[in-house]
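Spelled out, the chains give:
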Amino acid sequence: MGSVIPVMLELFALILIGYYLGYKKVLDANKNSGLSYLVSNIFCPAQVIAAVYAKGEMTSDGIVLQALYYGIGFYIVILLITILFFSIYRCEEPDKTIYKMMFIFANTGFLGYPLMRALYGEYAVFIFSIMHMGYNLLMYTYGIYLLQKGVKLNIKSMLTPGLICSIASLILYFGKIPLPANVIDVFSLLGNATTPVSMIVIGVSLSLIPLKMLFENKKMIGMVLFRLTIIPVVFKVIMDFIPCDLFIRELIVISSVLPAGSLIAIYANQYKRHSEFASAIVIVSTVLSIITMPVMLGILL
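What you see is a predicted model; the values in this text were computed from it and never measured.

(A) Quick look at the pattern of salt bridges. As enumerated under the stated definition, the model contains 1 salt bridge in all. Where Asp240 meets Lys236, a salt bridge forms, and the shortest distance between an N and an O atom there is 3.4 Å. Placement of both Asp240 and Lys236 in helix α13 (residues 218–240) is noted, with a separation of 4 residues, approximately one turn of the helix. On the basis of relative accessible area, Lys236 is assigned to the partly exposed category, the value being 22%.

Right, dumping it as structure tokens:
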């Protein structure tokens, strides 16, 4: 509780700043779209590269490989759960697209990284970033595909900076490739901008929609609560039957309780697809997670 709530309050402070800037018309929809582009194509990819060189303390290749393997398994399972759930539960567009993205893409970077740092230390940030390489691969392929339905998706369109940097980070780590300190510092500085700018983007997006729609949609609240409570229990049960390092098991469970990722709203805004509903999902999920995260972590860990 003491580690999670301060992080959540910091994020909300940034969202409020964005809301104020939008309310005062300092940032409008067009400027917000430009900020979204910076986050998704510059800051977030840089954060992935910087994480490779921000280990804080040395760790074994065995733990790194476990993080990679189980991370891939995590996204395979969550993808299968999502496909199965929405094959049974009928939901109309545009809600269905954003609900699917909420199920799959959690706030692993913007909330997960500071949470790892608070709970385990700097070393855990690196392991967590390796575990969620699948996030980047899936977001820049399946996530973009969902937002571009009806548009032919080709290989060139998948080669986004985020995907390229995700692959490059694995090569850099396992190839033991050093980079000059100044270059690493540049990636780190750019990556550090991800959290504040992304939260400001969400805040501006919220200023463009009626606040009452956030908590009037009972179906949305029900879906968010299902994602934040039932899905973590499923992963806890699965991990109890799988032999792996306790640290890795805990990271998987923590990954499953995180709220919807702000990249959902960022990309929805960038591609001009369901951006208002996406922003609402992200903020409602983040608000409710203030309660659900400490409770679920207390029960499951």
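(B) Seen up close, helix α4 (residues 95–104). Counting buried positions over the 10 residues of α4 gives 10, a clear majority of the element. Burial in α4 covers these residues: Asp95, Lys96, Thr97, Ile98, Tyr99, Lys100, Met101, Met102, Phe103 and Ile104. Looking at the buried residues of α4, the elements they touch are α3 (61–88), α7 (133–147), α13, α15 (262–270) and α16 (275–300).

(C) Up close: the environment of Ile83. Mapped onto the fold, Ile83 is located in helix α3. By relative accessible area, which is 46% here, Ile83 ends up partly exposed. Remark: the alpha-carbon pair of Ile83 and Val282, spanning 199 residues in sequence, is separated by 20 Å.

(D) The nonpolar core, seen in detail. Tyr99, Ile127 and Ile281 are the most contacted members of the largest nonpolar core, which totals 96 residues. When residues of this core are assigned to their parent elements, the largest contribution, 12 residues, is made by α16. Setting aside residues up to four positions removed in sequence, Ile281 forms contacts with Ile98, Tyr99, Met102, Met220, Val224 and Ala260.

(E) A look at the packing of α13 against α16. The N-to-C vectors of α13 and α16 enclose an angle of 40°; their axes lie 9 Å apart at closest approach. Crossing geometry of α13 relative to α16 is assigned as right-handed. Together, Met220, Ile221, Val224, Leu225, Leu228, Thr229, Pro232, Val233 and Lys236 of α13 and Phe277, Ala280, Ile281, Val284, Ser285, Leu288, Ser289, Thr292, Met296 and Leu300 of α16 make up the contact between the two elements. For the contact of α13 with α16, the residue count by class is 14 nonpolar, 4 polar and 1 charged.

Definitions and cut-offs
- Residues numbered from 1 in each chain as written.
- Predicted model: local features only at pLDDT ≥ 70, side-chain atom pairs only at ≥ 80, totals over all residues.
- Heavy atoms only, no water.
- Salt bridge = Lys/Arg side-chain N within 4 Å of Asp/Glu carboxyl O.
- Helix = DSSP H or I, 4+ residues; strand = E, 2+ residues; numbered from the N terminus.
- Buried < 20%, exposed > 50% of the residue type's maximum accessible area, 1.4 Å probe, protein only.
- Contact = heavy atoms within 4.5 Å.
- Core = buried A, V, L, I, M, F, W, Y, C linked by side-chain atoms within 4.5 Å.
- Axes fitted to C-alpha atoms, helices over the stretch in contact; angles between N-to-C directions.
- Left-handed = near helix turned anticlockwise from the far one by under 90°.
- Nonpolar A, V, L, I, M, F, W, Y, C, P; charged D, E, K, R; others polar.

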